[in-house]
Amino acid sequence: MADDRIQKAARPSLSRQLLPAVHGLLARPLSSYYLLISSCTLLLLIGLTMVFSATSVKAYAEKGNAFTDISSQAVYALLGLVAFWICQRLPAVTLRVLGRGLLVVSVLLLALLAAMIALASLGVLSRNADGDPMLGPLVAHLNWLYFGPVSMQPGELAKLAMVLWGADVIARKGPALGHWRELAMPLFPVIGLLFVLVGYNDLGTMLVLLALIVGLLWAAGVRLRIFGALGVLGLAGVGLLIAAASRGAGSGSADAENYRWRRLTAFMEPLENCDTTSEAGRWCYQLIQGRSAIFEGGWFGVGLGKSALKWGYVPEAGNDFIFAIVAEELGVVGCGVVLVLLSVLAYTGFRIARRVNDPFRRLAATAITTWLVAQAVINMGGVVKLLPITGLPLPFISAGGSALIVTMAAIGMLASFARAEPDASRALNARPTPRWVRLVWAPLPPLPPPRRPGQQRPPAQKKAGRAPETSGGGRRR
């Protein structure tokens, strides 16, 4: 017995056995790349499965074909893989140039969308049978522009444009960002313009843009008081947009209840006070149905495809509230898997931002990760009644073409940055893949400069890219 006790005491615990193995896997040169690819692939597969489960009943009832929505989502997923492949192959110089063009295009499309909605509310533009503004073959519907069968959401393109353009501008300015005048031109005017154009009709996307910009400035090492100023301006902007909705701005109506205010405050209303049969209580309907789906799911769910609330009881079951269907069919365990995969994606994105040497890549990786994390938190927080409902899709999981394609393009950029990590780049160039693999998948990243004996890691890799702010004389400010 004594020998058994000695052997048990000498045997290492499971945690002590696993930790060295995990550290060993994370220490490999391409671990960031493989973590990113695996987590995003699993999220995409879960998303396609849940979109089919959440939309098949409604698609069959309305169109006589249960596969209508999942077929469209599968096409968008293929287009997203093409966008991933293209962005993974683009060098950083090309991405910096591409950001300026994307910013111009997104601003023009957002201005066109806002102008069509505003002119239609004034009676200048005609409306189609569904009441949507028309300008020739163009149709504006909420946050979407339709050109015949082709549709797109300009706000999604604005997120990607802001990542690339903002990272390029901040990387060029460098330590000069410590001065207000460097932030004032051209960063803040463009941010203000995007806030107005996006927030005019889409408050949720405006909040994601705000989070993205905060991530950019934080990675650049901007002073904390600037974040306070941004917070005050953001709250003022939300207040102005709520007031504008009561005057008919966006999808509001001057003679109706202020829908933005109701959506932002409905989550604070106790569920027992929500009377969904009244006009005031209809804003609680989504929250009640979402909570009901989570309650019905329990720990292990009712089973994949067996949701009862997707039969027309949960509004936007395949998009904004798909997390409620995940909770009902897969339970707490299924929701936990989604949360773990999103956490792995967040960890990997910030890890890439910490390890790359190029300031542009570091800033862009931080902005992309902040964008995806903020959007996921806002979506899931609205479903579980912890945050207001803003109409944002859950990345990779919700149905939607523009959001999925743009998200996959952003992941392609993160994959390119992961391959450009110094250790990953050296490993890839030390044992280069065959030429046909490089042509089909991704080219070799450029080699980093050789390390000198005794050289320390740059400060950018020690603390997530927060470089010290210096004045012209080089002193810390």
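In this text the structure is predicted, and so the values were computed from the model without any measurement.

### Here's the deal with helix H9 (residues 203–220)
Thought 1: Counted at 1.5 Å a residue, the expected span for H9 with its 18 residues is 26 Å, and the 26 Å between its end C-alpha atoms agrees.
Thought 2: The element H9 is extensively covered by neighbouring structure, given that 15 of its 18 residues are classed as buried.
Thought 3: Looking at the residues trailing H9, positive phi occurs at Gly-221, about 85°.

### Section: the UniProt feature "transmembrane region" (unreviewed entry) in the protein
Thought 1: The UniProt feature table records "transmembrane region" (unreviewed entry) at residues 33–54, 74–90, 102–124, 206–222, 229–249, 321–350, 362–384 and 396–418.
Thought 2: Secondary structure content for residues 74–90 is 94% helix and 0% strand, while the C-alpha to C-alpha distance between its ends is 25 Å.
Thought 3: A distance of 29 Å separates the end C-alpha atoms of residues 102–124, which is 87% helix and 0% strand.

### Quick word on the pairing of strand S3 (residues 144–147)
Thought 1: Pairing of strand S2 (residues 138–141) with S3, which is carried by 4 bridges, proceeds in the antiparallel orientation. Pairing of Val-139 across the sheet is with Tyr-146, part of S3.
Thought 2: In sequence, S2 turns back onto S3 through a hairpin of 2 residues, with Leu-142 there showing a positive phi of about 55°.
Thought 3: Both S3 and strand S4 (residues 150–152) contribute to a ladder of 3 bridges, which runs antiparallel. Paired with Tyr-146 across the strands is Ser-151, a residue of S4.

### Some remarks on a nonpolar patch on the surface
Thought 1: Together, Val-82, Trp-85, Ile-86, Trp-436, Leu-439, Val-440 and Trp-441 make up an exposed nonpolar region whose accessible area comes to about 710 Å².
Thought 2: Counting only elements with at least two residues in the nonpolar patch, the list comes to helix H4 (68–89) and helix H17 (435–440).
Thought 3: Structurally, Trp-436 can be placed in helix H17.

### Looking at the packing of helix H3 (residues 31–63) against H4
Thought 1: In the contact formed by H3 and H4, the axes pass within 7 Å of each other and the chain directions differ by 155°. What the angle tells us is that H3 and H4 run roughly antiparallel. For H3 against H4, the interelement crossing comes out right-handed. Here Tyr-33, Ile-37, Leu-44, Leu-48, Val-51, Phe-52, Thr-55, Ala-59 and Lys-63 of H3 come into contact with H4, specifically with Thr-68, Asp-69, Ile-70, Gln-73, Ala-74, Ala-77, Phe-84 and Gln-88.
Thought 2: In the contact of H3 with H4, the residues fall into 11 nonpolar, 4 polar and 2 charged.

### As for the side chain of Ser-31
Thought 1: With respect to the element layout, Ser-31 can be found in helix H3.
Thought 2: A polar side-chain atom of Ser-31 sits 3.1 Å from the main-chain carbonyl oxygen of Arg-28.

Thresholds, definitions, all that
Residues numbered from 1 in each chain as written. Predicted model: local features only at pLDDT ≥ 70, side-chain atom pairs only at ≥ 80, totals over all residues. Heavy atoms only, no water. Helix = DSSP H or I, 4+ residues; strand = E, 2+ residues; numbered from the N terminus. Expected span 1.5 Å × (residues − 1). Buried < 20%, exposed > 50% of the residue type's maximum accessible area, 1.4 Å probe, protein only. UniProt positions renumbered as here; feature names shortened; annotations may be inferred. Pairing = 2+ DSSP bridges. Patch = residues over 30% accessible without salt bridge, like charges linked within 9 Å, V, L, I, M, F, W, Y side chains within 5 Å. Areas by Shrake-Rupley, 256 points an atom, 1.4 Å probe, with all protein chains shown as cover. Salt bridge = Lys/Arg side-chain N within 4 Å of Asp/Glu carboxyl O. Axes fitted to C-alpha atoms, helices over the stretch in contact; angles between N-to-C directions. Parallel < 35°, antiparallel > 145°, perpendicular 65-115°, else oblique. Left-handed = near helix turned anticlockwise from the far one by under 90°. Contact = heavy atoms within 4.5 Å. Nonpolar A, V, L, I, M, F, W, Y, C, P; charged D, E, K, R; others polar. Polar contact = N/O pair within 3.5 Å; in protein donor to acceptor, adjacent residues only side chain to side chain.

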